[in-house]
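A structural walkthrough
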Amino acid sequence: MNIATDYILALSGVLFVIGVLGVLVRRNAIVIFMSIELMLNSANLALIAFARAMAPAAEALRGHVLVFFVIAVAAAEVAVGLALIVAIFRTKHSIDVDQVSSLQG
Amino acid sequence: MSFSEVLQGGSLFAYAPLIIAFPLLGLLINMIFGRRLGERAVGIIASSAVGLSFVIAILQFFALSTHPEGTSVPIADWITIGQLAVPWSLKVDTLSVTMMLMVTGVSALIHVYAIGYMHEDVRFQGDPGRFTRFFVFFNLFVATMMVLVTADNFLMMFVGWEGVGLCSYLLIGFWFEKGEDGIGNAIAGKKAFITNRIGDFGFLIAMFLIFGAVGSLQFADVFHWAHEHGLENVDVITAITLFLLLGATGKSAQIPLFVWLPDAMAGPTPVSALIHAATMVTAGIYMIARNQALYDVAGLSSNLVALIGAATALFAATIAVGQFDIKRVLAYSTISQLGFMLAAVGVGAQVAGMFHLVTHAFFKALLFLSAGSVIQGIEHGHHHLEHVGANPGGGEAFDPNDMRNMGGLRSKMKITFWVYLIGALALSGIFPLAGFWSKDEILADANHESIVIFLLLTVAAFFTAFYMGRQILMVFFGQPRSEAAKHAPENPPVMTVPLILLAVGAILGGVLNLPGMHTLTDWLEHTLHVHVTEFNPVVAGLSTLLALLAIGIAWFVYGRQPMGKGSPDPLRRMLGPIFVGMENKWWVDELYQFLIVRPYIALADVLADVIDWRFWHDWFHDTVLARTFREGTRWLNDAFDLRVIDGIANGLGNLTQAISGRMRFLQTGYVRNYALSFLVGVLLVLSYFIFGSS
Amino acid sequence: MISFTSILTWVTFFPLLGVLVILFIPRDRPNAIRWTALIASTATFMISLVMLSQFDGADPGLQLAVRRPWFQLAGVEIEYSLGVDGLSILLILLTTLLTPISILSTWTAVEERVKEFMAFFLLLEVGMVGVFVALDLFLFYIFWEFTLVPMYFLIGIWGGPRRTYAAIKFFLYTMAGSILMLLAILWLGLRFETFSVPDLIAQGNIPADIQTWLFLAFAAAFAIKVPMWPLHSWLPDAHVEAPTAGSVILAGVLLKMGTYGFLRFNIPLFPEAAARYAPWMAVLAVIGILYGAAVSYAQRDVKKLVAYSSVSHLGFVVLGLFALNSQGIQGGILQMVNHGLSTGALFIIVGMIYERRHTREMDDFGGLWRVMPVYAALTLVVTLSSMGLPGLNGFVGEFTILLGSFGSEAIGSSWFAGLAAAGVILAAIYLLFMFQKLFLGPLDKEENKTLKDLNWREVVTLVPLILLIFWIGLYPRPFFNLIAPAVDKLVATLQAAAFVVH
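The structure reproduced in this document is the subject of the present report. Going along each chain's sequence as written, the residues are numbered from 1 onward. Written order decides the labels, with chains lettered from A and ligands numbered from 1. Note on the predicted model: pLDDT of at least 70 is required for a residue's local features to be given, and 80 or more for side-chain atom pairs to be given and counted; whole-chain, interface and lining totals, by contrast, use all residues. Side-chain numbers here rest on the full set of heavy atoms in the structure, without hydrogens or water.

What to know about the overall build of chain C
Here is the rule: Only DSSP runs of H or I reaching four residues or more are called helices, and only runs of E reaching two or more are called strands; each is numbered from the N terminus. The size measure is the radius of gyration over C-alpha atoms, and the globule rule it meets is 2.2 Å times the number of residues to the 0.38 power. Throughout this description, buried means an accessible area under 20% of the type-specific maximum (1.4 Å probe, protein chains only), exposed means over 50%, and partly exposed covers the range between. Residue contacts are counted whenever heavy atoms from the two residues lie within 4.5 Å of one another. The accessible surface values rely on the Shrake-Rupley method and a 1.4 Å probe; as for residues, cover is taken only from the protein chains in view. Residues counted as positive are Lys and Arg, residues counted as negative are Asp and Glu, and His and the chain ends are not counted. To locate a charge, the coordinates of NZ of Lys, CZ of Arg, CG of Asp or CD of Glu are taken.
Counting its regular elements, chain C contains 20 helices and 2 strands. Its C-alpha atoms give chain C a radius of gyration of 22 Å, within 12% of the compact-globule value 23 Å for 502 residues. Structurally, chain C occupies a C-alpha span of about 70 × 55 × 40 Å along its principal axes. Residues counted as buried form 68% of the 502 residues belonging to chain C. Partitioning the intrachain contacts of chain C with sequence separation of at least 6 by distance along the chain shows that 81% fall at a separation of at least 24. Counting only carbon and sulfur atoms, one obtains 67% of the accessible surface of chain C, whose full area is about 15800 Å². Both charge centroids of chain C, one from 29 positive and one from 31 negative side chains, sit 6 Å from each other.

Take a look at the structure:
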């Protein structure tokens, strides 16, 4: 089975836009979080697609390696992010991001 | 090795250092063990230490009799820097051995006397613990005096010179809590030391000049140089000798530095006898005699020496006439007699000077010790009265030294009277006592050299006989003028035996240098340039006649009709203001006080208080420097820092605040808004890459 | 062989070991702290004796040297360079001797913050010894300034009522002079590309007009430290307020750093300027001698009297050094030691009576000889030594100084020495006055009648000083032997320079 790279990239773009919209539109912090994950994974998908396109070349591995990095970083980020959400919930009893505006100048 | 072999070999000279070591050993023993030894042992140790020194001096005398040229005995190196090389070494020659014999001999006798005297004195003064201290100081004095006379170079002589000054200071102030206002004795000691220091200053400068000219401080080198190059260097030698003379006037209490000696009588009587009459004060004479080679070249200095000596002899003799303190009369007499000796060495009669120095040591020590015996007798009488409950002082402080409180002691203190009389006659120059021969030799030499000196000395000799006659008559004749004098007992043999021995010396001292025999002249010839002075019967007759006349006048004034109790001195009526002048020592102390002491104190106060503290410390440093700095920084702070620097800083701050005031509305705190701006930013960057590059 | 572990390093830094131990002793055990400080400083003295045994007295050059590169400043190497020669050896020994004696003298006088006191004291010793052994200008400057810090705290914490004022004045005054010296040091180092004193002397081609400026810059620092008239105003304040041990070290060692500086730097580095300015230095020295003596006489506070006497005594030292001949310089060095011993002992003596009576006004005393005979006798010896009685140490120094300056070509006139000799008379006046005020006269104050004589510790404090006073006075040869070769070498180089000037 051979799917053209263009399609995969398009899918990646769609996923990314969904993620962006999710971040901008939703108020629930967990949903925002999931949207961010979606954006990350869309980027991962694009990387994989490029790596596949360059396949026999040695440089193709770089895409894979980067993806693994991103997954590892995302995992760490999830840990920190969820901890923050829990902390916010404890003080505000809500995970509505509109409630959290103490950085207002 | 037999004794004569030892003499032949001259090896006895090697024992010379012991003459210093024995007294040092004695003082160390007494200092360390004195408290445990008890008075008797302390006295015996101290006296025998000096006695052993006397034995050493005799050994040196024997050694010199076979080796009259003498020798130097090196002990150790002292200061060696570049050209300067000063060893510790002793000079043993006829001149120094004369001094050694005289000093250790008289010292030994006075030490013995002091055992008895101080035994009583420490009890009268109320601190028996100081008995040991006295003998430590006394031995120290003998040791330093020996350093002085045995010195082989100027610097070592200076060590002894200042060392005896220190002992003098310590012993004058021995009863440091007594005297006028409780501090009089201490002040007298200080005065002695400082006046002597002025003389020492002269000695120091002389040494610098000598070193500059000769490059050595050894006597031998310096005298050799003076013989060889003296005539080309008359100016330098004159300067040297004048500064040395300043030193001598300090130590030997001559004009202008004599003022300390009368006050020095504050010390216990053995001290007055030993240090301030017989030995230390003659150091100046000895030093000038020692430096004969230099003085021979410098005629001006020699003349000045003679003139100062003769003037002092007369001046001090007049003051002695007006004194009432038995020891002060003797003190001024000492100054006067030292003037005789100085005049002698000034006119080139070193032998006559040394001769008088030795005989004077005998009879003046005798007089002082007898005076001490008198004083102690009076104190005994005084204390005896206190014990029986009478009130002899009448409420006033009783002065046992005041001759107005004495009188009629002839019958109470027989031995003291006779030895005192012998001393007084010897001092007055009555034939055939010691003083007659030595004083006549001086007068004959002076007559030979200078008529002015001769006249001054002759008049001084007249006064000498007069004040001694006055003193004898006031103290021993007439009726007792106080209760204490009535009950004065004679002293124990430990005190009277040395008196008798000294009296023998005062009688027979003349044989040292009788006319026609010239024993001392021949003896000193090995060290000094001497000339034989022929006996001058005119001079001798004249001076004896004058002395007898003076004694006659004294009898006329004081003896014919003895002074009554509380009555004024008859001389006061006869002489009027002149007597007041004599009594007040011609106001020399007051003059020095006015000219030197008070200006120096005022200057020191002004320097310390006004210049150093108020001007320099407070005004300049605290006001000018510190306040200028403080006010300068305050100005920088107020005017410059606050307005200019702070203005700029605050302006920047205000600007920032204003700008940020606008910008803060961008910051809503909503994550969404930030994310949106993020997105816009990304889109802008992307559109730049996509469209901008084309 | 040059090695880092030269004995000099040990002498200099051994007291740090004591500081380290003291830091670990709890402060509620003051006696342990005192003993540690005493043992550490005594051990330092022992090490300095070992140094003396390794020192070759016949060698005029620098010995036991250590020389290691340390760091670079603007491309110029700064070295850890230590050495000792005849000019400095006696001062090192004096420092290591006076430190344990001061510590012993302060045994009961300092009760508060013993830990800090002893630590500062040992640090001070490091600085002082460092000053005397440093041969690199930069290293010297570091030690020089370092001594200020512990002294500042010693005065400022344990001092008298006006201690803050005195401490600050002391610090600023000496700092002001040092700054000029620092500039001169930097100029020299950058111009000749070395900070090493022996190298600079060996090059010896500093132009005469520049020598003048450098000489004055160095002299500013040293003259304040000595202190020379009229820069002495900090001294009475510092002495009066400092605790006893501080005064002992201040007079005994710190002042000598000034005269040592003249000797080690000014004279050999700028010989022509030294020869040219010798008469001016002599003028200031003689004024200092007479002025100090007169002002001392007018004091009523015993400690102040002794403080001003230092101005007078150090005038003699400066006069001797700038005689620029053998006798003058050797006498000057010996007189530094003598002053350290005598004046150090005088301050200890004043401290003893202050500890008993808490006053230093002379009018509060009188007749103490009756109740304190041992104290009186020891004081008498020290007083006589201070006034230069022959047979004691002061005389040997003063006499050689005066003899040297009297015939000095550099000073050019005998008047200076003549006037200075008059200072000997004035010294007798103020010192005998002091002795009379304290010890003579009637014992009429009630408080004084029950005073206790010295205890064994106090006697032990003074005895070493008294022994040295007699030793130097009667047989100074061993001391002169140590300093003579180095001074002769210095004088030989000076004569060449003097030839250029005159």
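So, next bit.
Focus on empty space enclosed by the protein
All names here are of chain B. To keep it simple, the criterion reads: Only protein atoms enter the 1 Å grid used here. Points where a 1.4 Å probe fits but cannot escape make up a cavity, open sets with protein on both sides within 12 Å along at least five of seven lines make up a pocket, and a residue lines them when an atom lies within 4 Å of a point. Grid points are joined across faces, edges and corners, and a volume is the space filled by probe spheres set on the points. Amino acid classes used here: Ala, Val, Leu, Ile, Met, Phe, Trp, Tyr, Cys and Pro are nonpolar; Asp, Glu, Lys and Arg are charged; the rest, including Gly, are polar.
If you walk through the whole model with that rule in mind, you get 8 cavities of 30 Å³ or more. Of the volumes computed, that of the largest cavity is approximately 140 Å³. Residue lining of the largest cavity: 15 residues in total, with Trp-437, Glu-441, Pro-515, Thr-533 and Phe-535 positioned closest to the centre. Breaking the lining of the largest cavity down by element, the ones donating at least two residues are α18 (434-449) and α23 (537-559). Ranked by residue count, the leading element in the lining of the largest cavity is α18, at 4 residues. Partitioning the lining of the largest cavity into residue classes produces 7 nonpolar, 5 polar and 3 charged.

Topic: the side chain of B:Gln471
Topologically, B:Gln471 is positioned in helix α19 (residues 451-476). Apart from residues lying up to four places away in sequence, B:Gln471 is in contact with B:Ile326, B:Val329, B:Leu330, B:Met403 and B:Tyr420.

Quick word on the interface of chain C and chain B
Condition: Two parts placed together each lose some accessible area under a 1.4 Å probe, and adding up what both lose gives the buried area. Salt bridge, as used here, is a side-chain nitrogen of Lys or Arg placed within 4 Å of a carboxyl oxygen of Asp or Glu. In protein, a polar contact means a hydrogen-donor-capable atom and an acceptor-capable atom, both N or O and within 3.5 Å, with residues adjacent in sequence counting only if both atoms are side-chain atoms; elsewhere, any N or O pair within 3.5 Å suffices.
The interface is formed by 60 residues belonging to chain C together with 54 residues belonging to chain B. In total, about 5000 Å² of surface goes out of reach between chain C and chain B, with carbon and sulfur atoms giving 71% of it. Taken together, the connections running from chain C to chain B amount to 3 salt bridges. The residue B:Asp127 makes a salt bridge to C:Arg370 at a minimum N-O spacing of 3.9 Å. Here chain C and chain B share 19 residue pairs in polar contact (both at pLDDT 80 or more) between them. Here the side of chain C that touches chain B takes 13 residues from helix α18 (residues 414-439) of chain C, the largest share from any one element.

Considerations on helix α13 (residues 302-321) of chain C
Residues and elements named next belong to chain C. As a reminder of what qualifies: One less than the residue count of a helix, multiplied by 1.5 Å, gives the span that helix is expected to have.
The end-to-end C-alpha separation of α13 is 29 Å, in line with the 28 Å expected for 20 residues at 1.5 Å each. Burial runs high along α13: 20 of the 20 residues are buried. Among the residues of α13, the N-terminal cap falls to Asp-301, whose side-chain oxygen and the backbone nitrogen of Lys-303 are separated by 2.8 Å.

Comments concerning the interface of chain B and chain A
At the junction of the two partners, chain B supplies 10 residues and chain A supplies 13 residues. Around 1000 Å² of area is buried between chain B and chain A when both sides are counted, 60% of it from carbon and sulfur atoms. Put simply, chain B and chain A have 0 salt bridges between them. Our count for the chain B to chain A interface comes out at 0 residue pairs in polar contact (both at pLDDT 80 or more). Of the residues that constitute the side of chain B that touches chain A, the class distribution is 5 nonpolar, 3 polar and 2 charged.

Description of the pairing of strand β1 (residues 63-73) of chain C
Looking along a regular strand, one sees side chains alternate from face to face of the sheet. All names here are of chain C. Heads up, the rule is: A pair of strands is treated as paired once DSSP finds two or more bridges between them.
Relative to strand β2 (residues 76-84), β1 is paired through 8 bridges, and the arrangement is antiparallel. The partner of Arg-68 across the bridge, within β2, is Tyr-80. In this structure, the hairpin formed by β1 and β2 is closed by a connection of 2 residues, where Ala-74 is found at a positive phi of approximately 50 degrees.

Overview of helix α2 (residues 18-37) of chain B
All names here are of chain B. Rules: By definition, a residue's bend is the angle between the axes fitted to the seven residues ending there and the seven starting there.
When the terminal C-alpha atoms of α2 are compared, their 24 Å separation across 20 residues is substantially less than the 28 Å that a helix rising 1.5 Å per residue should span. Approximately 50 degrees is the largest bend angle found in α2, and it occurs at Met-31. Ile-19, Ile-20, Phe-22, Pro-23, Gly-26, Leu-27, Asn-30 and Gly-34 are the residues of α2 that are buried. Of the residues one or two after α2, Gly-38 is the one with positive phi, at around 90 degrees.

Some words on the environment of C:Ile7
All names here are of chain C. When you line up the elements, Ile-7 lands in helix α1 (residues 7-23). Overall, Ile-7 belongs to the buried group, its relative accessible area being 15%. Linking Ile-7 and Ala-65, residues 58 residues apart in sequence, is a C-alpha distance of 9.0 Å. The residues touching Ile-7, leaving out its near neighbours within four places in the chain, are Ile-47, Val-50, Met-51, Gln-54 and Leu-64.

Observations regarding unusual backbone geometry
A cis amide bond links B:Phe431 with the next residue in sequence, B:Pro432, at an omega value of 0 degrees. Note that B:Pro432 resides in the loop between α17 (414-428) and α18. Residue C:Pro227 is reached from C:Val226 by a cis peptide bond, and omega for that bond is -10 degrees. Mapped onto the elements, C:Pro227 comes out in the loop between α9 (208-225) and α10 (234-241). Positive phi, normally seen in glycine, also occurs at B:Asp181, with a value near 55 degrees. By the secondary structure assignment, B:Asp181 is in the loop between α6 (154-172) and α7 (184-214). Of note in this structure, B:Trp587 is not a glycine but carries a positive phi near 55 degrees. Inspection of the secondary structure puts B:Trp587 in the loop between α25 (577-583) and α26 (588-663). Given the relative accessible area of 40%, B:Trp587 is considered partly exposed.

Digging into the packing of aromatic side chains
As a reminder of what qualifies: In summary, the pairing rule links any two rings of Phe, Tyr or Trp, Trp by its six-membered ring, whose centres are within 6.5 Å, and it sorts them by plane angle into stacked for under 30 degrees, edge-to-face for over 60 and tilted for everything else.
One pass over the full model with this rule turns up 68 aromatic pairs over all chains. Taking 5.6 Å as the distance between ring centres and 15 degrees as the angle between the ring planes, the aromatic pair formed by B:Phe615 and B:Trp619 counts as stacked. Of the two residues, B:Phe615 and B:Trp619 both sit in helix α26, 4 residues apart, roughly one turn of that helix. On the accessibility criterion, B:Phe615 (39% relative accessible area) is partly exposed. Exposure remark for B:Trp619: the relative accessible area of 44% places this residue in the partly exposed category. Ring plane angle 65 degrees and centroid distance 5.5 Å describe the contact between C:Phe138 and C:Phe195, whose orientation is recorded as edge-to-face. Separated by 57 residues along the polypeptide, C:Phe138 in helix α5 (residues 137-146) and C:Phe195 in the loop between α7 (163-192) and α8 (197-203) bring together distant segments of the chain. Residue classification places C:Phe138 among the buried residues on the basis of a relative accessible area of 14%.

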